[in-house]
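Residues per chain, in single letters:
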Amino acid sequence: MHKTPSNENLHCITDCELLRIKRDDVDVTAKLGVTQMQYTIQVLQQQLEKNKQRAIDHTTLSAEQRYVKLQKEHPTIIQNIPLKYIASYLGINPGSLSRIRNELNH
């Protein structure tokens, strides 16, 4: 957003392809084509909505409810991502996530 280096790093857990586009290139294509600008705006709006919903979920849902929601909406994440990362994403410690999973499986 501010053309400064990100403080985030990506670590791929599964095989994937990463597309990296320089910010200046995004700006140029957005100016040249309405489609690119609309796409960029749409992606930003979707990310803002996801972040908003995640914040709401953290304040209104229990840890168990957040896990069940994640399980329902993204079942492949549960199958492919180590529990410590899932627990971190859900805002709980790995031990609590293990307890929740055990309770749900019984």
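Located above this text is the structure these notes cover.
As the structure is a computational prediction, the values presented were derived from the model and not from experiment.

Cut-offs used in this document
- Per chain, residue numbering runs from 1 following the sequence as it is written.
- With the structure being a predicted model, the display of local features is reserved for residues of pLDDT at least 70 and the display and counting of side-chain atom pairs for 80 or more, all residues being used for whole-chain, interface and lining totals.
- Note that water and hydrogens are dropped before the side-chain values are worked out from all heavy atoms of the structure.
- Each helix corresponds to a stretch of at least 4 residues labelled H or I by DSSP, and each strand to a stretch of at least 2 residues labelled E; elements are numbered beginning at the N terminus.
- Based on C-alpha atoms, the radius of gyration is set beside the globule rule, defined as 2.2 Å times the residue count to the power 0.38.
- Remark: exposure states derive from per-residue accessible area (1.4 Å probe, protein chains only) relative to the maximum for the residue type, with buried under 20%, exposed over 50%, and partly exposed in between.
- Working rule for contacts: check all heavy atoms of both residues, and any pair within 4.5 Å makes them a contact.
- Every accessible area reported is derived by Shrake-Rupley at a probe size of 1.4 Å, with residue values counting cover from the shown protein chains alone.
- By the counting rule applied here, Lys and Arg register as positive and Asp and Glu as negative, while His and the ends of each chain are not counted.
- In this description, the location of a charge corresponds to atom NZ of lysine, CZ of arginine, CG of aspartate or CD of glutamate.
- Working rule for helices: expected span equals 1.5 Å times residues minus one.
- Polar contact is defined as a pair of N or O atoms within 3.5 Å, subject to the rule that within protein one atom must be able to donate a hydrogen and the other to accept it, and that residues adjacent in sequence are counted only when both atoms are side-chain atoms.
- Salt bridge, as used here, is a side-chain nitrogen of Lys or Arg placed within 4 Å of a carboxyl oxygen of Asp or Glu.
- Among buried residues, the Ala, Val, Leu, Ile, Met, Phe, Trp, Tyr and Cys ones that are joined through side-chain atoms within 4.5 Å form a nonpolar core.

A. View of the overall build of the protein chain. Per the secondary structure count, the protein chain includes 6 helices and 0 strands. Seen in sequence order, the protein chain has helices and strands lined up from the N terminus as α-α-α-α-α-α. In terms of overall size, the protein chain is more extended than a compact globule, its C-alpha atoms giving a radius of gyration of 18 Å where 106 residues would be expected to give roughly 13 Å. For the protein chain, with 106 residues in total, the buried portion stands at 13%. Within the protein chain, contacts between residues at least 6 apart in sequence are counted, and of these 41% link residues at least 24 apart. By element, 53% of the accessible surface of the protein chain is carried by carbon and sulfur atoms, the whole surface being about 9,100 Å². Of the side chains in the protein chain, 14 bear a positive and 11 a negative charge, and the two mean positions are spaced by 3 Å.

B. Just helix 6 (residues 94-105), in detail. Taking 1.5 Å per residue as the helical rise, helix 6 with its 12 residues ought to reach 16 Å, and the 16 Å between its terminal C-alpha atoms agrees with that figure. Capping of helix 6 at its N-terminal end is provided by Asn-93; its side-chain oxygen lies 3.1 Å from the backbone amide nitrogen of Gly-95.

C. Inspection of the side chain of Asp-57 at higher detail. Residue position: Asp-57 is located in helix 2 (residues 34-60). Asp-57 gets classed as buried once you look at its relative accessible area, which sits at 12%. Polar side-chain contacts of Asp-57 include one of 2.7 Å to the side chain of Lys-69. Those residues within four positions of Asp-57 in sequence are excluded, and the remaining contacts are Arg-66 and Lys-69.

D. Examining the side chain of Arg-66 more closely. Its place among the elements puts Arg-66 in helix 3 (residues 63-73). Buried charge Arg-66 goes without a salt bridge, the closest partner of opposite sign being Asp-57 at 7.5 Å. There is a polar contact of 2.9 Å between the side chain of Arg-66 and the backbone oxygen of Leu-90. Beyond its immediate sequence surroundings of up to four residues, Arg-66 is in contact with Asp-57, His-58, Leu-61, Leu-90, Gly-91 and Ile-92.

E. A look at the nonpolar core. In this structure, Tyr-67, Leu-70, Ile-78, Ile-86, Ala-87, Leu-90, Ile-92, Leu-97 and Ile-100 together form the largest nonpolar core, which totals 9 residues. Elements represented by at least two residues in this core include exactly helix 3, helix 5 (83-90) and helix 6. Looking at which element gives the most residues to this core, the answer is helix 5, with 3 residues. Every residue in contact with Leu-70, bar those within four places of it in the chain, is listed here: Pro-75, Ile-77, Ile-78, Ile-86, Tyr-89 and Leu-90.

Just distances and angles here, no functional claims.
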